[in-house]
Each structure stands twice: as structure tokens, then as C-alpha cells.
Amino acid sequence: MAVIHHTVLKPTKLELLTSWLPSRPWYRGGTGEPKLAKAGGFRLDDPQGEVGIEFIVVTDASGPHLITYLVPLAYRGAPLDGAEHALVGTMEHGVLGQRWAYDGCHDPVLVAQLLALIEGRVQAQDQNISDVPDREVIASCTGEGSISTDFTATDDQEGTELTTPHGTTLRLHRVLQPAPDGPFPPPPGATGQVSGSWQMPDGSRARGVFAVLHTGTRA
């Protein structure tokens with residue numbers, strides 16, 4: 001299990017996201033600077049122990065309506081070759097030293113572990129406490145066989161779609177929408193999904209879909 005270090009980050013994750021989010025096509029804010037607050041999220045473990053994997057949920061109060069974003073981040077101790085376009089920024093970690101933070105949809109380790117979560121092979125971990133499962137993150141998958149990890153990520157105005165040459169698509173909902181109370185099944189034609197919860201400014205909990213999988217030909 002990954003060890004979560006409670007230490008100082010310079011700049012902070014929210015500072016990095018404040019600069020990066022407005023550059024995304026799915027960003028819904030105005031022309032001013034985002035006013036971000038951490039609202040939740042979860043972590044996944046890298047089996048090799050090299051890459052930090054975190055799915056951060058932030059709320060933006062800069063506009064007339066509160067907007068909630070899902071941001072998967074991959075933290076590395078060295079630059080990821082060929083991923084310069086996906087770099088969110090660098091930070092100085094009080095224990096680990098310099099870290100490169102990437103949009104996780106372009107990091108093969110994060111994508112592989114997200115698929116493992118959907119397939120039920122790994123469990124989501126608490127965002128802030130080491131070796132504690134996050135029971136609020138629920139993943140489901142139908143079908144058998146492994147899913148190809150040969151994804152290409154593309155951003156659009158609704159989120160990020162990861163596609164494989166075999167027709168499998170994994171869509172990440174970057175702008176989160178609270179769902180009605182009670183269980184909600186995957187959309188028609190979907191073979192898997194990940195849902196989770198986050199905290200609203202008034203202290204209440206909201207729940208929604210983070211990612212949806214549509215499977216083409218199995219690998």
C-alpha cells in the first residue's frame with residue numbers, strides 16, 4: 001500500500017489546479033481565476049510503488065453556480081516521456097522532493113489501475129489515510145476477460161474520453177453532477193462504471209458517476 005505523507009507541498013495542489021483548470025475545454029468557469037476548494041476524492045495504489053495516483057474532487061465558486069470537477073492526478077519522481085502536454089505542474093514535496101504532476105488520463109499507470117478498479121481487482125483507498133479502503137467509491141463491471149490498456153485520451157467540452165483501437169471507450173466525467181438518492185445503474189450499453197461521493201459547501205454529501213466504460217472487443 002502507498003504511504004501518504006502529511007507534509008508541505010510547494011505549490012499546493014489547489015494552486016496548481018487554479019492555474020491549469022482554465023486551460024481545459026471542459027472548464028465551465030468564467031474569465032476570472034477559479035476559487036477552488038477540496039471536496040473529496042480517493043487514491044489508487046501503483047503495484048510498483050513508483051507513481052502516486054489520486055482522484056481529486058474540487059469545487060469552483062468563482063461563477064454564479066457552484067461547479068464540481070474531477071481531476072485524476074499522477075505524481076512522478078521524474079518526467080514522463082512523451083507526456084509534456086499533460087503536465088499540470090511541478091511541486092516540491094517535503095519528503096519525496098521534486099514531483100511532476102500529470103493529468104492522469106495520459107498516464108498509463110493511472111489508467112491501468114482505474115481499469116483494475118472497474119474490474120474489481122483493486123480497491124479504492126482513502127485519500128488522506130494510509131492503508132484504509134474508501135468504501136464510498138463503488139465500481140462495477142460486467143463481462144469477462146481483461147480490458148486493453150492501449151488508450152488514447154481526448155478532451156472535449158463534456159470531459160475526457162479514452163479510446164482503444166478495438167472500440168473500447170472509458171469516459172471520465174470531469175464536471176460532476178449529483179445523482180438522485182439510491183443506487184443508479186450504468187447507462188444503456190455500458191459495461192462498467194465508477195461512482196463516488198464528495199462534500200458540498202453546506203456540509204452535505206453528494207454522489208455521482210466518475211467514469212463509465214463501454215467495452216469493444218476484449219483483449
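Residues numbered from 1 in each chain as written. Predicted model: local features only at pLDDT ≥ 70, side-chain atom pairs only at ≥ 80, totals over all residues. Heavy atoms only, no water.

What follows deals with the overall build of the protein chain. Within the protein chain, the regular secondary structure consists of 2 helices and 12 strands. In the protein chain, which comprises 219 residues, the share counted as buried stands at 46%. Nonlocal contacts in the protein chain, meaning residues at least 24 apart in sequence, comprise 57% of its contacts between residues at least 6 apart. (Helix = DSSP H or I, 4+ residues; strand = E, 2+ residues; numbered from the N terminus. Buried < 20%, exposed > 50% of the residue type's maximum accessible area, 1.4 Å probe, protein only. Contact = heavy atoms within 4.5 Å.)

Glancing now at the nonpolar core. Nonpolar side chains in soluble globular proteins tend to end up buried together. With 31 residues, the main nonpolar core has F55 and L170 as its most contacted residues. Considering every element that reaches this core, the biggest residue donor is helix 2 (residues 108–118), with 6 residues. Counting 18 residues, the second-largest nonpolar core is a separate cluster that includes I67, V71, L73 and M91. (Core = buried A, V, L, I, M, F, W, Y, C linked by side-chain atoms within 4.5 Å.)

With that settled, consider the layout of surface pockets. In this structure, the second largest pocket spans a volume of roughly 180 Å³. Lining the second largest pocket are H85, C105, H106, D107, P108, V111, T149, F151, T152, A153 and L162. Where the lining of the second largest pocket is concerned, the elements lending two or more residues are helix 2 and strand 8 (152–155). Looking at side-chain class alone, the lining of the second largest pocket contains 6 nonpolar, 4 polar and 1 charged residues. (1 Å grid on protein atoms, 1.4 Å probe; cavity = no way out; pocket = protein on both sides within 12 Å on 5 of 7 lines; lining within 4 Å. Points joined across faces, edges and corners; volume = space filled by probe spheres on them. Nonpolar A, V, L, I, M, F, W, Y, C, P; charged D, E, K, R; others polar.)

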